[in-house]
Amino acid sequence: MSKFTTYTRDTAPAASQPVLDEVSKAFGFVPNLQANMAESPELLAGYTALWDLVAKSSLTPDEQQVVYLTANFEHNCHYCMAGHTTLAKMIKMDPALIAALRAGGALPDAKLEALHRFTTIVVRERGFVPEAEVDSFLAAGYTRRNVLEVVLGVATKVMSNYTNHLVGTQLDKFMAGNEWTRPTHS
């Protein structure tokens, strides 16, 4: 694997430094993901913008984590599974939901399971979701807006998951205890 640099705020390209300042303000430090993304100021800015847009979406914080963890699982991203497990715990998401998402299993909440299933299909089928699946998602209480917000969440995770795969992002200390390896049954 080619060696990529994990930048600090001061060693990053000048165009990445203001975004790293924002990230540091939000998280209290610069996570390794963004430190690696800093190689491309455009990628870093794009990812940060999408992250902020998902946070402003009509999806609840738990629903946002369902989309993120589902995409991370499907993309087999060890870094983002550990990171979003930590974030899900920080928002006090039901531990049974977190465990099911990490295992690739069905969720114990019917509405969130509909979101999980729909997100899985979006990722696996690359957006070519059968109309019956869209209808089922809508029947579970979601909206057409939510359909497109799932696309936004998946797009956000494509950027981070693929970056992590390409550069070999190392886990951050805050993720300790939430390391993840894809279960063999999935």
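Quantities reported herein were computed from a predicted structural model and do not represent experimental measurements. (Residues numbered from 1 in each chain as written. Predicted model: local features only at pLDDT ≥ 70, side-chain atom pairs only at ≥ 80, totals over all residues. Heavy atoms only, no water.)

(A) Looking closely at the pattern of salt bridges. Following the criterion strictly, the structure yields five salt bridges and no others. Asp 21 is the partner of Arg 9 in a salt bridge, and the nearest nitrogen-oxygen pair spans 2.8 Å. With a gap of twelve residues between them, Arg 9 in the segment before α1 (17-27) and Asp 21 in helix α1 connect regions that are remote in the sequence. Its relative accessible area of 33% is what places Arg 9 among the partly exposed residues. Because the salt bridges share partners, they merge into one network encompassing Arg 9, Asp 10 and Asp 21. (Salt bridge = Lys/Arg side-chain N within 4 Å of Asp/Glu carboxyl O. Helix = DSSP H or I, 4+ residues; strand = E, 2+ residues; numbered from the N terminus. Buried < 20%, exposed > 50% of the residue type's maximum accessible area, 1.4 Å probe, protein only.)

(B) Region of interest: the side chain of Asn 32. For Asn 32, the location among the structural elements is in helix α2 (residues 32-37). Residue class for Asn 32 comes out buried when judged on its relative accessible area of 18%. Polar side-chain contacts of Asn 32 include one of 2.9 Å to the backbone oxygen of Gln 170. Look past the residues within four positions of Asn 32 in its chain and what remains in contact with it is Thr 6, Tyr 79, Thr 169, Gln 170, Leu 171 and Asp 172. (Polar contact = N/O pair within 3.5 Å; in protein donor to acceptor, adjacent residues only side chain to side chain. Contact = heavy atoms within 4.5 Å.)

(C) Quick peek at the nonpolar core. Residues Leu 115 and Val 150 are the most contacted members of the largest nonpolar core, which totals 28 residues. Only α4 (61-74), α5 (78-90), α6 (95-103), α7 (110-124) and α9 (144-167) provide two or more residues apiece to this core. The element best represented in this core is α7, accounting for seven residues. Once residues within four sequence positions are removed from consideration, Val 150 is found in contact with Val 67, Leu 115, Phe 118, Thr 119, Val 122 and Phe 137. (Core = buried A, V, L, I, M, F, W, Y, C linked by side-chain atoms within 4.5 Å.)

(D) Expanded view of the packing of aromatic side chains. For the structure on display, the rule yields eight aromatic pairs. Geometrically, the ring pair formed by Tyr 47 and Trp 51 is tilted, given 6.2 Å between the ring centres and 45 degrees between the ring planes. Here Tyr 47 pairs with Trp 51, and both are found in helix α3 (residues 41-56), just four residues apart, close to one helical turn. Take Trp 51: its relative accessible area is 21%, and that puts it in the partly exposed class. Among the aromatic residues, those joined into a ring-pair cluster are Phe 27, Phe 29, Tyr 47, Trp 51, Tyr 68 and Phe 174. (Phe/Tyr/Trp six-rings, centres within 6.5 Å; stacked < 30°, edge-to-face > 60°.)

(E) Structural view of unusual backbone geometry. The backbone of Asn 76 sits at a positive phi, close to 55 degrees, despite the residue not being glycine. Mapped onto the secondary structure, Asn 76 falls in the loop between α4 and α5. Positive phi, close to 50 degrees, is recorded for Arg 126, a residue that is not glycine. Topologically, Arg 126 is positioned in the loop between α7 and α8 (131-139).

(F) Broad picture of the packing of α4 against α7. Relative to each other, α4 and α7 sit at 40 degrees, their axes nearing to 9 Å. Taken together, the axes of α4 and α7 are oblique relative to one another. Seen from above, α4 lies across α7 with right-handed handedness. Along the contact surface, α4 presents Glu 63, Val 66, Val 67, Thr 70, Ala 71 and Glu 74, while α7 presents Lys 111, Leu 112, Leu 115, His 116, Thr 119, Thr 120, Val 123 and Arg 124. Partitioned by chemical class, the residues of the contact of α4 with α7 number six nonpolar, four polar and four charged. (Axes fitted to C-alpha atoms, helices over the stretch in contact; angles between N-to-C directions. Parallel < 35°, antiparallel > 145°, perpendicular 65-115°, else oblique. Left-handed = near helix turned anticlockwise from the far one by under 90°. Nonpolar A, V, L, I, M, F, W, Y, C, P; charged D, E, K, R; others polar.)

(G) A look at α7. Relative to the 21 Å expected for 15 residues at 1.5 Å per residue, α7 spans 21 Å between its end C-alpha atoms, a close match to the ideal helical length. Buried residues of α7: Leu 112, Ala 114, Leu 115, His 116, Phe 118, Thr 119, Thr 120, Ile 121, Val 122 and Val 123, and no others. Buried positions along α7 lie against α4, α6, α8 and α9. Arg 126 sits one or two positions beyond α7 and adopts a positive phi of about 50 degrees. (Expected span 1.5 Å × (residues − 1).)

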